[in-house]
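Residue-level listing of the chains:
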Amino acid sequence: MNFELPLIAFVLASALATAVLRDVLAAIIAFATYSLGIAVVWVVLQAPDVGLTEAAVGAGVTTVLFLLTIAKTVRPSGDRVLERLDVPALGVAVLFVAVLATTLGALPEIGAADTTVIASDVTQYYLEHAYKETGVKNAVTAVLAAYRGFDTLGEAVVVYSAGVGLLVVLKKEVFA
């Protein structure tokens, strides 16, 4: 089943909706769906750690912060649902997307055994030495915790900081 194209169409449609909706609440909801779609894209690309971070921070915490912001402000009145489009900017954006789309044919199939990442010396090194050097039985965990430990620590700090920031905004910083 080929669900990558509908997924990309969904992500692009929600990004476009986020950009053109005049109502702030509707734009925030469209942004949350965009972020959730991007999280699914990361999972499809076999990067669940990045997908989980995107879902937690992008679709979760950021959406709640945006909703709190508009709850504490006044909504503008108006008849229009969509923003007026800046045609030159739209043309540049479409041209940029078209140029990027020309590179899609050069990408390997997802999960193909002959991809550069799988066939690289670094990947083979990790697979051969991960257990001996780290004592961890799972190669992915060994890479995330030992070889890329500082990167993983940075991701954890971002997620933790976003959670603490959300608790402070909600005035729930006292846990007792």
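Look up a bit, the structure's there.
Structure report, in brief. Nothing here was measured: the structure is a model prediction, and the numbers come from that model.

Calculation criteria
- Residues numbered from 1 in each chain as written.
- Predicted model: local features only at pLDDT ≥ 70, side-chain atom pairs only at ≥ 80, totals over all residues.
- Heavy atoms only, no water.
- Helix = DSSP H or I, 4+ residues; strand = E, 2+ residues; numbered from the N terminus.
- Contact = heavy atoms within 4.5 Å.
- Phe/Tyr/Trp six-rings, centres within 6.5 Å; stacked < 30°, edge-to-face > 60°.
- Polar contact = N/O pair within 3.5 Å; in protein donor to acceptor, adjacent residues only side chain to side chain.
- Core = buried A, V, L, I, M, F, W, Y, C linked by side-chain atoms within 4.5 Å.
- Buried < 20%, exposed > 50% of the residue type's maximum accessible area, 1.4 Å probe, protein only.
- Expected span 1.5 Å × (residues − 1).
- Bend = angle between axes of the 7 residues up to and from the residue.
- Axes fitted to C-alpha atoms, helices over the stretch in contact; angles between N-to-C directions.
- Parallel < 35°, antiparallel > 145°, perpendicular 65-115°, else oblique.
- Nonpolar A, V, L, I, M, F, W, Y, C, P; charged D, E, K, R; others polar.
- Salt bridge = Lys/Arg side-chain N within 4 Å of Asp/Glu carboxyl O.

**A few points about the environment of Glu 54**
Part 1 of the argument: As for its placement among the helices and strands, Glu 54 is situated in helix H3 (residues 48–71).
Part 2 of the argument: The spatial distance from the C-alpha of Glu 54 to the C-alpha of Ala 39 is 5.4 Å, given a sequence separation of 15 residues.
Part 3 of the argument: Discounting residues that sit within four places of it in the chain, Glu 54 has contacts with Ser 35, Ile 38, Ala 39, Trp 42 and Ala 59.

**Thoughts on the packing of aromatic side chains**
Part 1 of the argument: In the structure shown here, the tally under the stated rule is four aromatic pairs.
Part 2 of the argument: These aromatic residues form a ring-pair network of at least three members: Phe 31, Tyr 34 and Phe 66.

**Overview of the side chain of Thr 123**
Part 1 of the argument: Note on placement: Thr 123 falls in helix H6 (residues 121–134).
Part 2 of the argument: Engagement of the side chain of Thr 123 in a polar contact is seen with the side chain of Ser 120, the distance being 3.0 Å.

**Section: the nonpolar core**
Part 1 of the argument: If you look at the biggest cluster of nonpolar residues, it comprises five residues: Leu 7, Val 11, Ile 38, Val 41 and Val 44.
Part 2 of the argument: Those elements giving two or more residues to this core turn out to be helix H1 (4–20) and helix H2 (24–44).
Part 3 of the argument: By residue number, the principal contributor to this core is H2, which donates three residues.

**Quick word on H6**
Part 1 of the argument: For H6, spanning 14 residues, the distance from its first C-alpha to its last is 18 Å, which sits close to the expected 20 Å at 1.5 Å a residue.
Part 2 of the argument: Of all the bends in H6, the greatest measures close to 45° and is centred on Glu 128.
Part 3 of the argument: A positive backbone phi angle near 80° is found at Gly 135, which sits one or two residues after H6.

**A short note on the packing of H2 against H3**
Part 1 of the argument: Packing of H2 against H3 leaves a shortest axis separation of 7 Å and a crossing angle of 170°. Compared by their axis directions, H2 and H3 come out roughly antiparallel. On the side of H2, the interface is formed by Val 24, Leu 25, Ile 28, Phe 31, Ala 32, Ser 35, Leu 36, Ile 38, Ala 39, Trp 42 and Val 43, while H3 contributes Pro 48, Val 50, Gly 51, Glu 54, Ala 55, Gly 58, Ala 59, Thr 62, Thr 63, Phe 66, Leu 67 and Ile 70.
Part 2 of the argument: Across the contact of H2 with H3, the residue classes break down as 17 nonpolar, five polar and one charged.

**Description of the pattern of salt bridges**
Close approach of charged atoms lets side chains of opposite charge pair.
Part 1 of the argument: Evaluated as defined, the whole model comprises one salt bridge.
Part 2 of the argument: Note that Asp 151 is salt-bridged to Arg 148, the shortest N-O span being 2.0 Å.
Part 3 of the argument: Judged by its relative accessible area of 35%, Asp 151 is partly exposed.

**Considering the environment of Leu 68**
Part 1 of the argument: With respect to the helices and strands, Leu 68 occurs in helix H3.
Part 2 of the argument: Judged by its relative accessible area of 19%, Leu 68 falls in the buried class.
Part 3 of the argument: For Leu 68 and Ile 8, which are 60 residues apart along the polypeptide, the C-alpha to C-alpha distance reads 29 Å.
Part 4 of the argument: The contact partners of Leu 68, leaving out residues within four places of it in the chain, are Leu 166, Val 169 and Leu 170.

**With respect to the side chain of Ser 14**
Part 1 of the argument: Its place among the elements puts Ser 14 in helix H1.
Part 2 of the argument: Judged by relative accessible area, Ser 14 falls into the buried class, the value being 5%.
Part 3 of the argument: A polar atom in the side chain of Ser 14 sits 2.7 Å from the backbone oxygen of Phe 10.
Part 4 of the argument: Residues in contact with Ser 14, not counting those within four places in the same chain, are Ala 30, Thr 33 and Tyr 34.

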